[in-house]
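Listed below are the residues making up each chain.
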Amino acid sequence: MITPYRPQEIEPKWQKRWEADALYRSVIDTDKPKFYALTMLPYPSGDLHIGHWYAMTPSDARARFKRMQGYNVLFPMGFDAFGLPAENAAIQRGIHPGTWTLRNVANMRQQMHTMGTMFDWQREAVSCLPGYYRWTEWFFLKLYEMGLAYRKKSPVDYCPSCKTTLAREQVVGEEHICERCGAQVIKKDLEQWFFRITKYADELLDFSKIDWPDKIRLLQTNWIGRSEGAEVTFSIAAEDLPADAAEGEGELVVFTTRPDTLWGATFMVLAPEHPLVERITKAESREAVASYKQQAARQNEIERLATDKEKTGVFTGAYAINPVNGARIPVWIADYVMMTYGTGAIMAVPAHDERDFAFAVKFGLPIIPVIARPDGLAKSFTFPGSVREGFRTELETAGIEFVATPVGDMGEGLFVTLRGDTQIEIYIALMQKFLLPNNWNEVVGARWAFIFTDGEKSEVCELNSVETDAAILARCKAIFPPVTPNRTCMEMLSSLPFYTDVLFHHEYGTMINSGPFSGTPGDVAKSQVIAWLAEQGRGKAAVNYKLRDWLISRQRYWGAPIPMIYCDSCGIVPVRYEDLPVLLPADAEIPKTGENALLYHKGFLHTTCPKCGGPARRETDTMDTFMCSSWYQYAYLSPYYREGDSVTGNDTPWDPAELAYWAPVDSYTGGAEHAVMHLMYTRFFTKALRDAGLLNFDEPMLQYRYQGIILGEPRDGDCVEVSGSWEGNAFQAHHIAVTPFDQRQNWPSIGKSESRVCGEVMDRDDVSLKVQAGDELVVVHVPEGLEIIIPGKESLGGLNDILYHLEVEKMSKSKKNVVAPDTLVATYGADTVRAYLMFGWRWDQGGPWDSKGIEGVVRWVNRVWALVMDAPRNRVPLDAATERELQRAMHTAIKAVTQDLESFSFNTIIARLMEFTNALGKAKDAAWESPVWDTAISHLLLLLAPITPHLAEELWEAIGKPYSVHMQTWPSWDEAMLAVDEIEIPVQVNGKVRGKIVVAANADEATVKAAALAEVNVRRYTEGQQVLKVIVAGRKLVSVVVR
RNA sequence: GGGGAAGUGUCGGAAUGGGCAGACGAGCAUGACUUAGGAUCAUGUGCCGCGAGGCGUGCGGGUUCAAGUCCCGCCUUCCCCA
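Calculation notes
Residues numbered from 1 in each chain as written. Chains lettered and ligands numbered in written order. Predicted model: local features only at pLDDT ≥ 70, side-chain atom pairs only at ≥ 80, totals over all residues. Heavy atoms only, no water. Core = buried A, V, L, I, M, F, W, Y, C linked by side-chain atoms within 4.5 Å. Buried < 20%, exposed > 50% of the residue type's maximum accessible area, 1.4 Å probe, protein only. Domains from an automatic or database assignment. Pairing = 2+ DSSP bridges. Helix = DSSP H or I, 4+ residues; strand = E, 2+ residues; numbered from the N terminus. Axes fitted to C-alpha atoms, helices over the stretch in contact; angles between N-to-C directions. Contact = heavy atoms within 4.5 Å. Parallel < 35°, antiparallel > 145°, perpendicular 65-115°, else oblique. Left-handed = near helix turned anticlockwise from the far one by under 90°. Nonpolar A, V, L, I, M, F, W, Y, C, P; charged D, E, K, R; others polar.

S.K.: Can you explain the nonpolar core? Please cite residues and give values.
M.R.: Within the largest apolar cluster, 186 residues are counted, with the highest numbers of intra-cluster contacts made by Phe-139, Phe-140, Trp-849 and Trp-860. Three or more residues apiece are contributed to this core by two domains, here domain 1 (32-224 + 548-707) and domain 5 (822-978). Residues Phe-363, Leu-463, Ile-472 and Met-490 belong to the second largest nonpolar core, which totals 77 residues.

Structure (structure tokens):
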């Protein structure tokens, strides 16, 4: 009698049993090694998504595996329950954010139970409950106490649609849009709370204590953006400072990563918002400066920083003194310098910085190279008719590369490329000999020289200072007046496209034109200049970070309140620890505008000052939700710890015994998209709590691995048959009949005519369809309210009911390409869904959903079931070889599955299990009910237990083993059992496989060699040839080399 | 523009202390059992060629007895940063 596999019956059965038995309750057991496995907690958005399954069930498999290996495993789950969507739902549906959230939590918790995970639900933590956020507030006070939380007025990213500020990390893309809603983010000056994460920048760059993927480490490293250089103080020229200037007011500290280029700093640029601008701007520049400041303020940061944008700026009229050479250099303002980056002032080295170069060329500011080109490349353009006969021949003789091209109607000019000092010297010498009077020639790039001649004697002028720049240019203007409009030599040279690639470079190289430092090699230039600056007191070594402090204020209701109070007499006063939690008022009404409800809630707003007892006002900003998730791994250890008790700042926020036993997290999994937010914040948080004496370790998660994303499945669009009429190129619909995409055989004939268009819908919007009518894409206009006939649908449909062609893209409800896990579970069972999610993709990569691929897993699971439950039809006698082969397959599977689980290679785990299953199927007729068979089957079930927990449990019971399979020990393999008696070895002749030999597994090299050379086909290829070499590569391959 | 990752059959993907490329699946094809099959089982399936054989891991070079794997130079896609 064949027993059918019914996951819909067995899965809920075991789930109930496990729960009743508290099988997955994790309690401290000092006799066992602990293992804290954690996967990122979901945001309670409504329904569980296939992505949650993809993230959580493989992590569960690994946690189960660790448990069977003898670890005491903790694998908790909770909800990251504060955040904007709840408020948006509140506005849209008139429901309290807490109600909406907790309803979703209940629903998703229920859905999660169907996954068959080993979550210990008694440790669940929901971050929006007072028992949780009391501690979130407590941590804020701690950080405030430690000087790690501070309030500052600063320009911050503000989303006008969400009506709240955002952390820098929550602003995405070139357009600077809000991560949540996609609106353009603007800059706003606001008083905000920050966490001093920058204090930990260097420690965050140290990944030596954690096993995290390179990708994440790199992302964090880049985000922190440490750069080493120097701080150099430039001073505004004394005469340009206002009379009432305070001591040191005119000092501008500049950070530069390239102190070796200091001698090339020919001007300074300040951010238009820089406070000194007002003070130093000369009367004649005042108007221009004022209007430029206004214009800059209107642009966003991205527009200002774009490298390809035309440079703009205004001269203030004031000068600064370059501290290394005392040069007076003009001070400009320009929008490409930000007040928020560094000090809001830069030294401009146009010869070696791209933006400074563009700026200097545009405004005629001097550009003096101070770093030699490391590639030795130089160029020269010889003007037609500027040299004597025979110059070309000399160049050819010298082996100098040039191209002769006609220039206008003036004859041929020579475009010369010089490589290395020797060629440059030869060229200059030749030029001195051949240059005709009343001409000049220049060499640019690796050398900056202008050659002039009066016919008798020639002169080489080096372009090496602002003074020589002016002198050379004056001589050129005298010789050739058309260059007169140029303000610098470099501006003149930049008009010749041939020179473009040699005028500017940003490599390190030997210092030139740098006073006493000229000649300093590139590899030591930076450090020597820094040492000298420090010695001279003109600057010092400095480190700069791209990382900003973490902005945690959010002007929203649905978040953990920032426990601070503003008192008119005492100023900013923290709420007393004993008074926590500051509760979110349940009766707050969320304004339709999305504004913070706390601003209008009098009961919340008005309080008394903890210091003086006088009337005071509460902080109405709430905390960024990343604050909640920065410590949730500790919340699970003793959820809602001491809820209801009054606690002090000296208490611990968790049960110390639980912390001592479980923390830190041993293995963490989740999405890579959190690389620079959650994953950096939680590291910072742990380090801060360590410094507060609350933790005694440095890193929250010792190991971390990320999973990819399951995308929507590509799909054909529905077919529409539209009758109507043409209006120009578009078709006006009068009537539409739909044939669904999955009924291709029923589609009407595709094409278009006078009154009809028929084809697949490629795209749609609110008023039209794009229909692929044969080769042509036709736009069909659909009048409002048009009846659309969809077969199998009772009522008439709307435009939105028509499915359009989908490429691979993210799942979204509006595209109707969402895969609902509940439906899959109902159809196939949780075990099959789990196995398919592990099998179908490389876990760290993800990819488009494939609704057909799951069938392979369905078949496999059914085969496993039948293997155990159904007796074979044809019994055959068991022979030793079959027995041996089955054992070998078993040990091979144990080894592979163990190693692959260890290394998160979930797809190959299933493949190896399938192979083992196939081997069992092959041996079944002979081995059924033999001791080898029983061992193999029970081991199969042990290997399956982490992957398909219900199936394994059901079959474990069916073969009469004691409950529960999940309390068994993980099997081990015997290396000796993997061996085979005979092995097949391929034999290559000159790199190509020409034959295969079968030898005893323990055959020595000589035997293998002899067998290889004796192989028939190998002999065909070696016949009559000289065997030069025979390489026996282990027992894997023999390579014969003949000639 | 800078940094990173990836590129393997029709598809998902195996295989890197260099050693038979394509495991395991999907799809497709043929056959068996069936009243029937989108069930199940069996067999086949990189490409070209009747065949011997040749060619094949984005493209072009190189190292090596041997390269998906190592080195050099390109191309494409995706991600992050500007």
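So, next bit.
S.K.: Residue-level account of the sheet that holds strand β43 (residues 1027-1033), with values.
M.R.: By definition, the strands of a sheet pair up through backbone hydrogen bonds, in either a parallel or an antiparallel sense. Within the open sheet, the four strands sit side by side as β42-β41-β44-β43. Their pairing is mixed. In the strand order of this sheet, the two ends are held by β42 (992-1000) and β43, each with one partner. Averaged over all pairs of adjacent strands, the angle between their axes in this sheet comes to 20 degrees, without regard to strand direction. For strand β41 (residues 982-989) and strand β44 (residues 1037-1042), the ladder comprises three bridges, and the chain directions are parallel. Considered in β44, the bridge of Gln-988 is made with Ser-1039.

S.K.: Account for unusual backbone geometry, naming residues and giving values.
M.R.: Geometrically, the link from Ala-663 to Pro-664 is a cis peptide bond, its omega value of -5 degrees lying close to zero. Take Pro-664: it is sitting in the loop between α20 (656-662) and β30 (667-671). The amide bond that connects Tyr-963 to the next residue, Ser-964, takes the cis arrangement and shows omega of 5 degrees. As for its placement among the helices and strands, Ser-964 is situated in the loop between α28 (949-958) and α29 (975-978). Not every positive phi belongs to a glycine, and Tyr-640 is a case in point at roughly 50 degrees. By secondary structure assignment, the location of Tyr-640 is in the loop between α19 (632-635) and α20. Phi at Glu-929 is positive, roughly 65 degrees, even though this residue is not glycine. Note on placement: Glu-929 falls in the loop between α26 (906-927) and α27 (931-944). Since its relative accessible area comes to 58%, Glu-929 is described here as exposed.

S.K.: So what's going on with the sheet that holds strand β5 (residues 149-159)? Residues and values would help.
M.R.: In space, the four strands of this open sheet follow the order β6-β5-β9-β23, with antiparallel pairing throughout. Each end of this open sheet is capped by a strand with a single partner; those strands are β6 (164-165) and β23 (550-551). As judged from the two bridges shared by β5 and β6, these two strands associate in the antiparallel manner. Pairing of Cys-159 across the sheet is with Thr-164, part of β6. In this fold helix α5 (residues 130-145) packs onto β5 and β9 (186-195), with an angle of close to 85 degrees to the strand it touches most, β9.

S.K.: Which residues make up the packing of α26 against α27, and what are the values?
M.R.: Two numbers describe how α26 lies on α27: the axes approach to 11 Å, and their chain directions differ by 160 degrees. Between α26 and α27, the angle is such that the two are roughly antiparallel. As α26 packs across α27, the resulting crossing turns out to be left-handed. In this structure, α26 contributes Leu-913, Phe-916, Thr-917, Leu-920, Ala-923, Lys-924 and Ala-927 to the contact, and α27 contributes Trp-933, Ala-936, Ile-937, Leu-940, Leu-943 and Leu-944. Looking at side-chain class alone, the contact of α26 with α27 contains 11 nonpolar, one polar and one charged residues.

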